[in-house]
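Below are the chains, spelled out letter by letter.
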Amino acid sequence: MTTTSPSSRSAARASFLSPLPLFFVLLWSSGFIVAKFGLPYAPPLTFLVLRFLGVLVFLLPAVLVLRAPWPHGRIVHIALAGLLVQAGYLIGVWCAIKQGMPAGLSALIVGMQPILTALSARLIGERVRPRQWLGLAFGLGGVALVVAAKIRLVGLTVPAILLCVLALLSITAGTLYQKRYCAQFDLRTGTVIQFSASLLLVLPLAIWLEGLGPDFAAVQWTPRFLLALLWSVLGLSIGAIFLLFALIRRSHATEVTSLMYLTPPTTAVMAWLMFGEAFNSLGILGMVLAVTGVIFVVKKPN
């Protein structure tokens, strides 16, 4: 495993709350907004097939023209990490929401990722300090407060819960695996590998479970759907994923995943601005707790 010097790790932590991770939070948080826009017009697996195809259409020509370097000896590792971080996570979340899982409860379940990552940190040679554990607890409490008013249990099914848990386990395992085995690779070719592997998994599932055909008959090609698809390709699968990979490359896994605590509060603000969804004082308190928790996790020791 690649090691970094104490000075480089300290520098990374010192700049961890710089525009790079904050911009990542903004992009990543828009994922639930995209789901709200796109899922009414296409089955979830079909949407993901189009999303993965879109990434390859944009990136593969750029990779070939720029002659970006392909990784040697790590393609399998990169592909497996992609199946976990991309396919497993997105299949779980999108299918759960399609089955009626409330977005708030989904965010709360997936919000357990920083805790799971911290519990598994020793597997990749990282240590979680007591102050970081306190920050993780604050962050989880903040997420719970933010989503509390949005949690509805009406119509909730066991498959929807299991799909959300699958998403949680998948992205946690994928983050740890990538940090351990393939943290360093060219972002352009690595992303092509990961989304190619994800497409090979999702495509047959969409054909089998959703009756996907070459005409994409189940898709309603409305302007709203096309906007959601374009943003999911450029903003999320390319923009947010590039930033996530850059953060995994330079920082501890626990620090990177702690940023996920900021996703539900940011999404709540976006939903308030775009859809007029309620955002009360309890949510504001939760946001403060979540931000405090992340600061506790990423702040370098004195």
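Rules and cut-offs
Residues numbered from 1 in each chain as written. Predicted model: local features only at pLDDT ≥ 70, side-chain atom pairs only at ≥ 80, totals over all residues. Heavy atoms only, no water. UniProt positions renumbered as here; feature names shortened; annotations may be inferred. Core = buried A, V, L, I, M, F, W, Y, C linked by side-chain atoms within 4.5 Å. Buried < 20%, exposed > 50% of the residue type's maximum accessible area, 1.4 Å probe, protein only. Helix = DSSP H or I, 4+ residues; strand = E, 2+ residues; numbered from the N terminus. Contact = heavy atoms within 4.5 Å. Expected span 1.5 Å × (residues − 1). Bend = angle between axes of the 7 residues up to and from the residue. Patch = residues over 30% accessible without salt bridge, like charges linked within 9 Å, V, L, I, M, F, W, Y side chains within 5 Å. Areas by Shrake-Rupley, 256 points an atom, 1.4 Å probe, with all protein chains shown as cover. Salt bridge = Lys/Arg side-chain N within 4 Å of Asp/Glu carboxyl O. Axes fitted to C-alpha atoms, helices over the stretch in contact; angles between N-to-C directions. Parallel < 35°, antiparallel > 145°, perpendicular 65-115°, else oblique. Left-handed = near helix turned anticlockwise from the far one by under 90°. Nonpolar A, V, L, I, M, F, W, Y, C, P; charged D, E, K, R; others polar. Phe/Tyr/Trp six-rings, centres within 6.5 Å; stacked < 30°, edge-to-face > 60°.

- Under an unreviewed UniProt entry, the protein chain has the name EamA family transporter and belongs to Duganella qianjiadongensis.
- A UniProt comment under Sequence similarities (unreviewed entry) is attached to the protein chain, and it reads "Belongs to the EamA transporter family."

Side note on the nonpolar core
Right, on to step 1. Phe24, Trp28, Trp94 and Leu244 are the most contacted members of the largest nonpolar core, which totals 92 residues.
Right, on to step 2. Sorting elements by how many residues they give to this core places helix α10 (residues 223-250) first, with 13 residues.
Right, on to step 3. Each residue touching Trp28, except ones within four places of it in the same chain, is listed here: Tyr89, Ile171, Leu236, Ala240, Ile241, Leu244, Met260 and Thr263.

Quick word on helix α2 (residues 19-38)
Right, on to step 1. Along its 20 residues, α2 runs 28 Å from first to last C-alpha, staying within 8% of the 28 Å computed at 1.5 Å per residue.
Right, on to step 2. Of all the bends in α2, the greatest measures close to 30° and is centred on Phe32.
Right, on to step 3. A large share of α2 lies buried, amounting to 14 of its 20 residues.

Some details on a nonpolar patch on the surface
Right, on to step 1. A cluster of nonpolar side chains, contributed by Val57, Phe58, Leu230 and Leu234, occupies part of the molecular surface with about 370 Å² of accessible area.
Right, on to step 2. Sorting the residues of the nonpolar patch by element identifies α3 (44-66) and α10 as the ones contributing at least two each.
Right, on to step 3. On the basis of relative accessibility, which here comes to 44%, the residue Phe58 falls in the partly exposed class.

A word on α10
Right, on to step 1. For α10, spanning 28 residues, the distance from its first C-alpha to its last is 38 Å, which sits close to the expected 40 Å at 1.5 Å a residue.
Right, on to step 2. Approximately 35° is the largest bend angle found in α10, and it occurs at Ser232.

Details of the packing of α3 against α10
Right, on to step 1. One can describe the packing of α3 onto α10 by two numbers: an axis separation of 9 Å at closest approach and a directional angle of 60°. Judged on the interaxial angle alone, α10 and α3 are oblique. Here α3 and α10 pass one another in a crossing that is right-handed. Listed contacts from α10 to Phe47, Leu50, Arg51, Gly54, Val55, Phe58 and Leu59 of α3 are Phe225, Ala228, Leu229, Leu230, Ser232, Val233, Leu234, Leu236, Ser237, Ile238 and Phe242.
Right, on to step 2. Among the residues making up the contact of α3 with α10, the classes are represented as 14 nonpolar, three polar and one charged.

With respect to the packing of aromatic side chains
Each aromatic ring pair is described using two quantities: the centre-to-centre distance and the angle formed by the ring planes.
Right, on to step 1. Tallied over the entire structure, the rule returns eight aromatic pairs.
Right, on to step 2. Judged by centre distance (5.4 Å) and plane angle (90°), the rings of Phe47 and Phe225 are edge-to-face. Taken together, the residues Phe47 in helix α3 and Phe225 in helix α10 connect sequence positions 178 residues apart.
Right, on to step 3. Given a relative accessible area of 0%, Phe225 falls into the buried group.

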